[in-house]
Number of protein chains: 2
Amino acid sequence: MTRIALDAMGGDNAPHEIVVGAVESAAGLGDVQVLLVGQLSKIQEVLDSLPKDLKNDAQKAIESGKLEIVHAPDNVEMDESPVDAVRRKKDCSINVAMRLVKEGRADAFVSAGNSGAVATSAIFNLGRIPGVMRPAIATVLPTRIPRRPILVLDAGANMDCHPDWLVQFAIMGNAYSKAVIGRTTPKVGLVSIGTEDCKGNEMTKQTFPLLKEVRDINFVGNIEGHDLFKGQMDVAVCDGFVGNVLLKTTESIAKAMSYWLKRECFRGPWRILGALLLKGAFRALKSQMDPEVYGGAPLLGVPKTVIITHGSSSHKAIYYAVKAGVAAATNDVSGLIAKSIAEHAEDLKQK
Amino acid sequence: MTRIALDAMGGDNAPHEIVVGAVESAAGLGDVQVLLVGQLSKIQEVLDSLPKDLKNDAQKAIESGKLEIVHAPDNVEMDESPVDAVRRKKDCSINVAMRLVKEGRADAFVSAGNSGAVATSAIFNLGRIPGVMRPAIATVLPTRIPRRPILVLDAGANMDCHPDWLVQFAIMGNAYSKAVIGRTTPKVGLVSIGTEDCKGNEMTKQTFPLLKEVRDINFVGNIEGHDLFKGQMDVAVCDGFVGNVLLKTTESIAKAMSYWLKRECFRGPWRILGALLLKGAFRALKSQMDPEVYGGAPLLGVPKTVIITHGSSSHKAIYYAVKAGVAAATNDVSGLIAKSIAEHAEDLKQK
């Protein structure tokens, strides 16, 4: 039984979507226990308002112990800085959930809350894996090839990075890609502006030769923005500034394209008919690009499984994030990362 | 009459597409003379192979003096580094065309060749506008709003940037947006990872207060990847590494989406029918996103108009790049930039 501590209060659609996602995860995923952490009264309010089917599922899950509610008394206000709040409010939902993981009462943490706040709480409560210089947020993005998503890290935890940190990002991303995404020999690339070794900024030029030296990762060199979505790469390493811009740009262009397409499809009755006939195709396209099904972003480098999902997560995103949390905890990603980081330090020492 | 020196030999589809684009520009744009620069024999070969209509247009344009061929004897080989080639081969097409601009025999330069090579030749032959620290490549990208593209710079000329350079990029982008894109008060933003002043990396945090001080530009603060394509911003400033990654990622995701959509549309006869009915909509979507109609990327900061178009430019891209070159030269973008840069230096001195 994998136990997931789920932050009920984090995200734009909390607590409603989180509670629904919790019920669906507890009911739909075998061998999982969801510990739903937040203000009891607010969680209860959502549970009471659920449609009959879901309410039944919730009832059954609670009775069988698959869903448990853990009260977190402190409330983070809308106008509070989330990072300050986790520092000051010891018993806000993020901290209470994180402590469940720390104390071994849960195997993984999942939240749609502010990523900076989650990272702060994680590093404060759990510490880092020995030898890890900087934990990084890794994001899973779809590519042209079904079931071959690409992991991009760091996606926003560290702005100005040292080459050594990027080497560790590569090692950590490699372990996650193997254990959770299921790639046997992940192809690892360095995000840059040309494929030649010499292309890039100072940081990538210093990082390139270091990555070439790392045993056990399949470093394939620089990758350009062009190549990200081709489905020929498994892990893309960059600093958190570039990763965050890349991620948000991707979302932005995808939304702009959908917007343009929709506008064009409503021009005249024939086009509307065409759009109706293609409804299934559009739905498939949407789900192909849907970041929600990719299970959110793991915070790699802390000694337990921590998954951050998009602030706008729906119940579906929560379901997939819980699923990713289960996969990461079951496959002991943190343990694998600890092992790889230690081996790499050993290699460096021997030189 | 605006005279455009067009590099016939640069780009993946040279010389064929360039020659066709040259003929179309000379025939289709009023008051423009195209000086087509490259190896005479190769250009002639393409002209001879044109279909009848185009051949007639070419003949007429040559006879009326709207199209002129200028021989550039040096050939750049496939395996040569383009940047090295412009340094070594004084009479390659890029250098010959650039000298036409330098000597006042042409008003603007257009090439689909390697951007590094064009920038090198431009800076060597034309120098910089007094006070400009680093010329930058600006790229025009479509947004949700028709006819409100966004200018992103630097798109790849300078990797590691100083905050002062970014301030100048903002000033130069502002002038181009006014003069060529036609925005009266362009909104200028700094690409970062959050809208608050304090968000970003060291460089953006140092750049933010400097941009706030610049008179005459409408600096609206940080912009995130999210906001790039919403059509609420006119100029986005970033270093050349981030700009290049952003640009190529955009192309990559757009291609991936088209690929997925196409695949879905061929699943079953009803979908194929739907796709046929939506043919016009798809075409409109494609042209909306088509980077070719946005006229390529100006190199800003050199004292003459230099336009670089995508390496894979078709004849249509060449036509629009020539058009952009005419607009930039006619509106004296370089003069406006020189004026803004000088005024800004004056402001700094007075402090």
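You'll find the structure just up there.
Calculation criteria
Residues numbered from 1 in each chain as written. Chains lettered and ligands numbered in written order. Predicted model: local features only at pLDDT ≥ 70, side-chain atom pairs only at ≥ 80, totals over all residues. Heavy atoms only, no water. Helix = DSSP H or I, 4+ residues; strand = E, 2+ residues; numbered from the N terminus. Expected span 1.5 Å × (residues − 1). Buried < 20%, exposed > 50% of the residue type's maximum accessible area, 1.4 Å probe, protein only. Polar contact = N/O pair within 3.5 Å; in protein donor to acceptor, adjacent residues only side chain to side chain. Pairing = 2+ DSSP bridges. Axes fitted to C-alpha atoms, helices over the stretch in contact; angles between N-to-C directions. Salt bridge = Lys/Arg side-chain N within 4 Å of Asp/Glu carboxyl O. Contact = heavy atoms within 4.5 Å. Buried area = accessible area lost by both parts, 1.4 Å probe. Nonpolar A, V, L, I, M, F, W, Y, C, P; charged D, E, K, R; others polar. Parallel < 35°, antiparallel > 145°, perpendicular 65-115°, else oblique. Left-handed = near helix turned anticlockwise from the far one by under 90°.

## Digging into helix α6 (residues 115-126) of chain A
All names here are of chain A.
Phase 1: In this model α6 runs 16 Å from its N-terminal to its C-terminal C-alpha over 12 residues, within 8% of the 16 Å that 1.5 Å per residue would give.
Phase 2: Listed in full, the buried residues belonging to α6 are A117, V118, A119, S121, A122, N125 and L126.
Phase 3: Residue N114 occupies the N-cap position of α6, its side-chain oxygen lying 2.9 Å from the main-chain nitrogen of G116.
Phase 4: Backbone geometry just after α6 places G127 at a positive phi near 75 degrees.

## Considerations on the sheet that holds strand β1 (residues 2-7) of chain B
One key point about sheets: their strands pair by backbone hydrogen bonds, in either a parallel or an antiparallel sense.
All names here are of chain B.
Phase 1: Taken in spatial order, the 11 strands make up an open sheet running β3-β2-β1-β4-β11-β10-β5-β6-β9-β7-β8, and their pairing is mixed. A single partner strand is all that each edge strand has here, and the edge strands are β3 (67-71) and β8 (218-223). Pairwise comparison of adjacent strand axes, ignoring direction, gives a mean angle of 25 degrees for this sheet.
Phase 2: Alignment of strand β6 (residues 150-153) against strand β9 (residues 235-237), held across 3 bridges, turns out to be parallel. In the strand pairing of β9, L153 is matched with V237.

## Let's talk about the pattern of salt bridges
Phase 1: A complete count under the given rule lists 29 salt bridges over all chains for this structure.
Phase 2: Notably, a salt bridge pairs D107 of chain B with R3 of chain B, separated by 2.8 Å at the nearest N-O pair. Placement of the pair is D107 of chain B in the loop between α5 (93-102) and β4 (108-111) and R3 of chain B in strand β1, with a sequence separation of 104 residues.
Phase 3: The exposure class assigned to D107 of chain B is partly exposed, which follows from its relative accessible area of 25%.
Phase 4: Between R215 of chain B and D347 of chain B there is a salt bridge whose closest N-O contact spans 2.8 Å. Taken together, the residues span a long stretch of sequence, with R215 of chain B in the loop between α8 (202-213) and β8 and D347 of chain B in helix α13 (residues 333-349) at a distance of 132 residues.
Phase 5: Owing to a relative accessible area of 47%, R215 of chain B belongs among the partly exposed residues under this scheme.
Phase 6: Connected via shared salt-bridge partners are E80, R88 and K89 of chain A.

## Examining α5 of chain B
All names here are of chain B.
Phase 1: Counted residue by residue, α5 has 9 buried out of 10 residues, so it is predominantly covered.
Phase 2: For α5, every residue scored as buried is listed here: S93, I94, N95, V96, A97, M98, R99, L100 and V101.
Phase 3: After α5 finishes, the residue G104 shows a positive phi value of roughly 80 degrees.

## Comments concerning the interface of chain A and chain B
Phase 1: Taken together, the contact pairs 55 residues of chain A with 55 residues of chain B.
Phase 2: When the two sides are added together, the surface that chain A and chain B hide from each other amounts to roughly 5,100 Å², 74% of it contributed by carbon and sulfur.
Phase 3: Area buried by chain A at its contact with chain B is led by R144, F241 and W260 of chain A, which between them contribute 15% of it.
Phase 4: Our count for the contact surface shared by chain A and chain B stands at 2 salt bridges.
Phase 5: Between E224 of chain B and K248 of chain A there is a salt bridge; the shortest N-O distance is 2.3 Å.
Phase 6: Counting across the interface, chain A meets chain B through 6 residue pairs in polar contact (both at pLDDT 80 or more).
Phase 7: Only α8 (202-213), α9 (240-265), α10 (269-277) and α11 (279-289) of chain A provide two or more residues apiece to the side of chain A that touches chain B.
Phase 8: Here the side of chain A that touches chain B takes 22 residues from α9 of chain A, the largest share from any one element.
Phase 9: In terms of residue class, the side of chain A that touches chain B is made up of 29 nonpolar, 15 polar and 11 charged.

## Examining the packing of helix α1 (residues 16-28) of chain B against helix α12 (residues 315-330) of chain B
Residues and elements named next belong to chain B.
Phase 1: Where α1 contacts α12, the axes come no closer than 8 Å and their chain directions differ by 45 degrees. Viewed along their axes, α1 and α12 adopt a mutual orientation that is oblique. In terms of crossing hand, the pair formed by α1 and α12 is right-handed. Contacts from E17, I18, V20, G21, A22, E24, S25 and G28 in α1 reach H315, I318, Y319 and V322 in α12.
Phase 2: Broken down by class, the residue content of the contact of α1 with α12 amounts to 6 nonpolar, 4 polar and 2 charged.

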